[in-house]
Each structure stands twice: as structure tokens, then as C-alpha cells.
Amino acid sequence: MQKFVFFLLFGLSILAFPALQAQLQFQVPYPSGLSSEVLDGRLLLLLSKDAEGEPRFAVTDGYKSAQVFGVDVEDWKPGQTRTIDASCFGYPLQSLKELKSGDYRVQLVFHKYETFKRKDGHTVKLPMDRGEGQHWNLAPGNLYTEPVWMKLDPKAT
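Cut-offs used in this document
- Residues numbered from 1 in each chain as written.
- Predicted model: local features only at pLDDT ≥ 70, side-chain atom pairs only at ≥ 80, totals over all residues.
- Heavy atoms only, no water.
- Buried < 20%, exposed > 50% of the residue type's maximum accessible area, 1.4 Å probe, protein only.
- Helix = DSSP H or I, 4+ residues; strand = E, 2+ residues; numbered from the N terminus.
- Pairing = 2+ DSSP bridges.
- Phe/Tyr/Trp six-rings, centres within 6.5 Å; stacked < 30°, edge-to-face > 60°.
- Lys NZ or Arg CZ within 6 Å of the ring centre and 35° of its normal.

A. Expanded view of the pairing of strand S12 (residues 148–152). Across the two faces of S12 the burial differs, with Val148, Met150 and Leu152 buried and Trp149 and Lys151 not buried at all. With five bridges connecting them, strand S8 (residues 102–112) and S12 associate as antiparallel partners. Counterpart to Asp103 in the pairing with S12 is Lys151.

Shown next, in the form of C-alpha cells:
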């Protein structure tokens, strides 16, 4: 995996729009200086209240799991931004709207996909095993950020 400085290179920002109902969303830029590679994969937002370890290692099938929200990304070019908002499916909570206000350790992971052109003419994009045994949180070549503490309020304007 490739690790980089959170705010300088992956630059997470939080926006809440004062519409009829405020909506928490994360704008995630793909910095132009990071790479010229066009990316396909799954962008994951991980939230944890645990002060120990990284949120990417705290996603489990138990009730103490870190929260994860994800969005599929296709043809992500340097300089473009992707959004994670209440429309993105999550686990164990299904939506950012369900998140309780509080302090969270926030981390981003980009799980890279490879493109395969099948003999039947279909094209599929899949995360391949890159020697880590299909562990998305350890896969070589994936991008991830350092966890940072943030105060989040999904109902704030």
C-alpha cells in the first residue's frame, strides 16, 4: 500500500449545505501531483471512535466494527473530486444520515480495481489479489490516508 500525508495529498474536506435539511458529505480530491494514473476502484471512508490502531483494521462483522461508507469510482483522473454522502451505502450504519454526532477518527482507503475484457465481449473491473490474500485494507498499491480526529455532526449546517 502507498501511504501519504492526509491533508496535503488526499485533502479531505467536509461540507454541509444549508438546504431544507443539512447533509454531511466528504469531498475527496485526487491531487494532480500524486500520479498521472487514471483510477478505477472503490473509495472507502472509515470512521472509528477507537483511539488505537487505524480504522481500516477495525472493520469487522461484530457490533464494535468501525463504520465504513463506500462509492465505486471509474475513470478518476488527477485533479477530479469524488463525493461520499448520504446516498453512499455504509456498514454497519447504512447511511451517513444515521451517524451520531461526535469525535471520530477518519481515514480514507482507495481499493484499486483492474480491468478485464472477457471473451464474451463484456468488460469487468475487479479487485485482484496482489499477494495479500484479498485483504482490501492491506492490498499493495492501494492508497490510504493517516487517520485524523474530526468532530462530525450529520445534522449541522
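Once the structure has been displayed, the description carries forward.
B. Focus on the pairing of strand S5 (residues 67–76). For S5, a buried count of seven out of ten residues is recorded, marking the element as mostly surrounded by other parts of the structure. Here eight bridges tie strand S4 (residues 39–48) to S5, and the two strands are oriented antiparallel to one another. Directly across from Gly41, in S5, lies its bridge partner Val73. Sheet topology places S5 next to strand S7 (residues 90–91); two bridges connect them, and they run antiparallel. If you follow Phe69 over to S7, its bridge partner there is Gly90.

C. Main features of the packing of aromatic side chains. In the structure shown here, the tally under the stated rule is two aromatic pairs. On the basis of an interplanar angle of 55° and a centroid distance of 5.6 Å, the ring pair of Trp76 and Phe110 is categorised as tilted. Here Phe110 lies in strand S8 and Trp76 lies in strand S5, a separation of 34 residues in the sequence. Look at Phe110 and you get buried, because its relative accessible area is 0%. One aromatic cluster is present, formed by Tyr30, Trp76 and Phe110 through successive ring pairs. The side chain of Lys49 reaches across the aromatic face of Tyr104, ending 4.3 Å from its centre.

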